[in-house]
Amino acid sequence: MSGFGGLLTWELRRLARAGTARVALGLLFAAGLLALFAAGREVARHERELAAADPAYAAQMERIGKQFPAGGHAGYVAYYTFFPVRNPTPPLAVFSLGLRDVTPSVVWIRLLGLEGQLHESGIGNPVLQALGAFDLAFVLCALAPLVLLVLLHDVLSRDRAQGVLPLVVAQAGGLGRVFAARVLARFAAVATVAVALFAVGAAWHGVPVNGAALAWLGDALLQLACWTAIGALLAALATGVAATLAAAVSAWVVGVVLAPALINLATVTLHPVPEGLAITVAQRQETHAGWDRPKEDTFARFFALRPEWRDTPPVTGRFAWKWYYAMHQVGDASVAATAERYRARLVARAALLARLAWAVPPATAQLLLSRRAGTDLEAHLAFLDRVRAFHGEMQVHFFPAIFAERELPPTAWREFPRFVPPPSAPAAGGPGERVPLVVTVLLCAVFLPAALRRAARLAT
Amino acid sequence: MSAAAPLPTVIAIARAEARLLLRRRSTGALLALFAALLVAAAVLASLRATRERAQQDAYRALVRAQWEQQPDRHPHRVAHYGTFAFMPVGPLAAFDPGVQSYVGRVQFLEAHRQNAANFPEAAALSSAFRLGELSPAFVLHVLLPLVVIVLGHRLIADEAESGRLRLLLSQPVGPRALLAGKLLGLALALLPFAAVAALASGFVVLTAGGGVPDSLPRLALLALLAAAHLAGWMLVTLLVSVRLPSPGRALAALVTAWAAAVVVVPRAAGALAAAADPLPTRTEFDARLAAEVHALGDAHNPDDPVFTQLRRDTLARHGVTRVEELPVNYGAVVMARGEELTAGTFARHFEALVGRMERQEAGVRRAALLAPTLGVRALSAAVSGTDLRAALRFQREAEAYRYAFVQQLNALHRDKIRFENDRGQRLSAAHWAEFADFQPSVAGLREALAGTAWCWLALALWIVVPGVALAWQEVRP
């Protein structure tokens, strides 16, 4: 195999000398550096918010301390206290921002009804969000394929156009060998840039190079291999330089621009999510209806949800905090089914995207990378579940004091529940999600020999 | 091009070129593909806008009915019950959704708090699909230039390759007439594409509801924008076709330029604008706001200077010595003053945030000089009323409406609820219908186009620069 190794080295050297290749790979590397810088700044912004949560909470507790210098009713204190629930940025977010630029990293919640608070947006500029994040995943999935395809277009066509293909083939000992060496050299060149960017990014942003990070890199390279296989097949099939280039750039336009736009539109149209509005409006109505309803009615509904408070004495006065929080709990429960449907719709969207990935595998590679990075929709839904769970913890902490009509001492806030984010979650998505990409590579590989035989016939 | 070009020759060349382009089988296939995409985009976008508007209308009616059907309630209870503001789906949103998917469409309005607009569509999707929503505007501004490239990249190269160029130039045609004729021919060949685009856009505007846009000027301007943008692409394509002799290289260069204009430059500009002037996060924004609001004064603190002054003034105005003797409810007076102070503080913070967003937007728009398509898309969204400014306008109006209805309730509280046993009283339900409904307005065309100077400059240069270059271009066989 030393012969093929020599051929590969020769092709790599030839590529390194070619002006177009050097410019294209240099631009790709520069774009990658910009992506690492830009995504680093965006992640730093989120880190700043995550770090600001605790001081902001402390400042708030100081204000509340001044408001209730002698302590206050548990229900009253809880009414004013917002709790930060943090969603730390996973280490790989700096490579693949995914949904993190449109979802908040900290959600502040009170003991009141959760459904009205759960979907509070963060601050972002819609203009920039609409343009999309410039991260490494974007560079490797959108720009690198264009470089690959342009580099691959003259694997055969240029020699053929110059009439030297038979000579080259004879020298190298077979068309297949020349073709393989050239294709591999081009893949290796782009893959080297990708790995270099990954390494620079890992060193720059302190990303631990563990199994998850390597799996991310592996999928990024697999995606490049997928485009290499497509480009190689096109190069073997097309006859002229212009025709090969035309086919290559068409493939890129379809895979990177057209197919994602179509998939996007299909997903949004087939799976509308009207529940967002429904939840907000219905929850408010139900919660506030409690004020005009006999208190026993509200409590009857509340006890059905929370039988452990069934024995609390009835409220005789105009107002009691336990009645107030029971109203909010009942309001939440009234939209529980809608909230569940909302979540199911989002999951259905994700599933539809995964199915459509089969139609245009390279188009959804960015999706796969954001799954691996833990920045996709599923990761966001998991975070919302954690917020929900923490709201439950808050109730467990405050309800005993509220139902006992207890005053909290001024120092009570030290015992308040604190949200502790789980250690970074394992990357979502099994190896099965690679299958569309692998199948594309294999399909191209199956058709390649026939295409090459045809090319060989044309060459002689 | 130049006065030297005899018109009949130019027209003859143009007709020949257009006939050639239109007879190509690949052009027919391209047109079919283009039409299919456009029809799909138009139908789906119209469907989506109609559905969204119907849903909003239903909820708006429901929320209004719920407001009016409130029983007798304490006015401050009503202020906490609050109401909702829905960001309207404009008549041109189906044509160009702009940034609409990235802004919250519903805002809960209540006393004391300025809630964020929530449920943007984008939070429920994947960021892998941010290159653009497949709307008629996307097809017109992003995909149609690609058609120009595909049809036009071999305008001169073909002639050069077949040797006809030498023949043409040897006749008394002249390079100017040749280029002018080719350009006109390309434009003629694009007519069927433009016709399909115009039909589909018209279909969307008419069927997506929301009434025909207030002004035909908007539609005319959109058509003009698209035409000018395409003219630039035609000039650039012709220029590249003259300068790069091989059609393959011309195509590669043009598609690379297109990819830069559509994919790379906009995103890179956005990333740089964000890095140059980062926005505060929600936590930071709220923490600063809370600290400042707290420093304004504490209505609960009897020694607070602001509210001590308010008490003194109110007592003096009514010539009494104790708040219990006031003819109005002093609790509501305090509440109204608190609302006034916090709303003013919020407005200051909000406008500072908006200033940053607009600086970021201006940074992105400057990049239109490198990628005119970016500028045209920004202009198109501005004309369609779906840009950042439209979203901010909605948020400002929603806040103004919130402030007005909360203060209206505070006034009722002040005049109709006695100070004694304040919370034990209720106000008659007859008052709820007195409250005006939220009526969001739409910016006029002139206002909508504020801050788009860079985009216009980029568009002008996009036509002038390749035009001048072509006028000076030598054509050699």
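Residues numbered from 1 in each chain as written. Chains lettered and ligands numbered in written order. Predicted model: local features only at pLDDT ≥ 70, side-chain atom pairs only at ≥ 80, totals over all residues. Heavy atoms only, no water.

J.: Kindly report on the packing of helix α2 (residues 19-67) of chain A against helix α8 (residues 175-205) of chain A, identifying the contributing residues and their values.
T.: A pair of packed helices is characterised by two quantities: the angle between their axes and the separation of those axes. All names here are of chain A. α8 packs onto α2 with a crossing angle of 25 degrees between their chain directions and a minimal axis gap of 10 Å. Between α2 and α8, the angle falls in the class roughly parallel. As for how α2 packs across α8, the hand of that crossing is right-handed. Contacts from Leu 25, Leu 28, Phe 29, Gly 32, Leu 33, Leu 36, Phe 37 and Gly 40 in α2 reach Ala 189, Val 190, Val 193, Ala 196, Leu 197, Val 200, Gly 201, Trp 204 and His 205 in α8. Here the contact of α2 with α8 is composed, by residue class, of 13 nonpolar, 4 polar and no charged. (Axes fitted to C-alpha atoms, helices over the stretch in contact; angles between N-to-C directions. Helix = DSSP H or I, 4+ residues; strand = E, 2+ residues; numbered from the N terminus. Parallel < 35°, antiparallel > 145°, perpendicular 65-115°, else oblique. Left-handed = near helix turned anticlockwise from the far one by under 90°. Contact = heavy atoms within 4.5 Å. Nonpolar A, V, L, I, M, F, W, Y, C, P; charged D, E, K, R; others polar.)

J.: I'd like to hear about the nonpolar core, residue by residue, with values.
T.: With 175 residues, the main nonpolar core has Phe 95, Phe 179, Val 190, Trp 216 and Trp 252 of chain A together with Leu 134 and Trp 258 of chain B as its most contacted residues. Per-element tally for this core: the top contributor is helix α5 (residues 136-152) of chain A, with 16 residues. Each residue touching Trp 216 of chain A, except ones within four places of it in the same chain, is listed here: Leu 92, Phe 95, Ser 96, Leu 136, Ala 137, Leu 140, Phe 198, Leu 369, Arg 372 and Ala 373 of chain A. Listed in part, the 85 residues of the second largest apolar core include Ala 339 of chain A together with Tyr 59, Leu 353 and Val 354 of chain B. (Core = buried A, V, L, I, M, F, W, Y, C linked by side-chain atoms within 4.5 Å. Buried < 20%, exposed > 50% of the residue type's maximum accessible area, 1.4 Å probe, protein only.)

J.: If you had to explain the packing of α2 of chain A against helix α10 (residues 282-296) of chain B to someone new, which residues and values would you point to?
T.: For the pair α2 of chain A and α10 of chain B, interaxial distance at closest approach is 9 Å and the crossing angle is 20 degrees. As the angle between them shows, α2 of chain A and α10 of chain B are arranged roughly parallel. As for how α2 of chain A packs across α10 of chain B, the hand of that crossing is left-handed. Seen from α2 of chain A, the contacting residues are Arg 48, Glu 49, Ala 52, Ala 53, Ala 56, Arg 63 and Lys 66 of chain A; seen from α10 of chain B, they are Arg 282, Thr 283, Glu 284, Ala 287, Ala 290, Ala 291 and His 294 of chain B. When its residues are assigned to classes, the contact of α2 of chain A with α10 of chain B shows 6 nonpolar, 2 polar and 6 charged.

J.: So what's going on with the confidence of the model for chain B? Residues and values would help.
T.: Per-residue pLDDT for chain B averages 88, and the proportion of residues at 70 or more is 94%. The ipTM for the predicted assembly is 0.90, set against a pTM of 0.91. (pLDDT = per-residue confidence, 0-100.)

J.: Hey, could you go over unusual backbone geometry for me, with residue numbers and the actual values?
T.: Peptide bonds are, in most cases, trans, and in most cases residues other than glycine have a negative phi. Phi angles above zero are rare outside glycine, and Glu 405 of chain A is one such case at about 55 degrees. Within the secondary structure layout, Glu 405 of chain A lies in the loop between α16 (377-403) and β4 (407-408). In this structure, Asn 421 of chain B is a non-glycine residue whose phi angle is positive, near 50 degrees. Inspection of the secondary structure puts Asn 421 of chain B in the loop between α14 (388-416) and α15 (445-448).

J.: Now, about the environment of Ala 390 of chain B: what can you tell me, with residues and values included?
T.: Residues and elements named next belong to chain B. Summarising the element assignment, Ala 390 is placed in helix α14. Expressed as a C-alpha distance, the spacing of Ala 390 and Met 87, which sit 303 residues apart in the sequence, is 9.5 Å. Among residues more than four places away in sequence, those in contact with Ala 390 are Met 87 and Gly 385.

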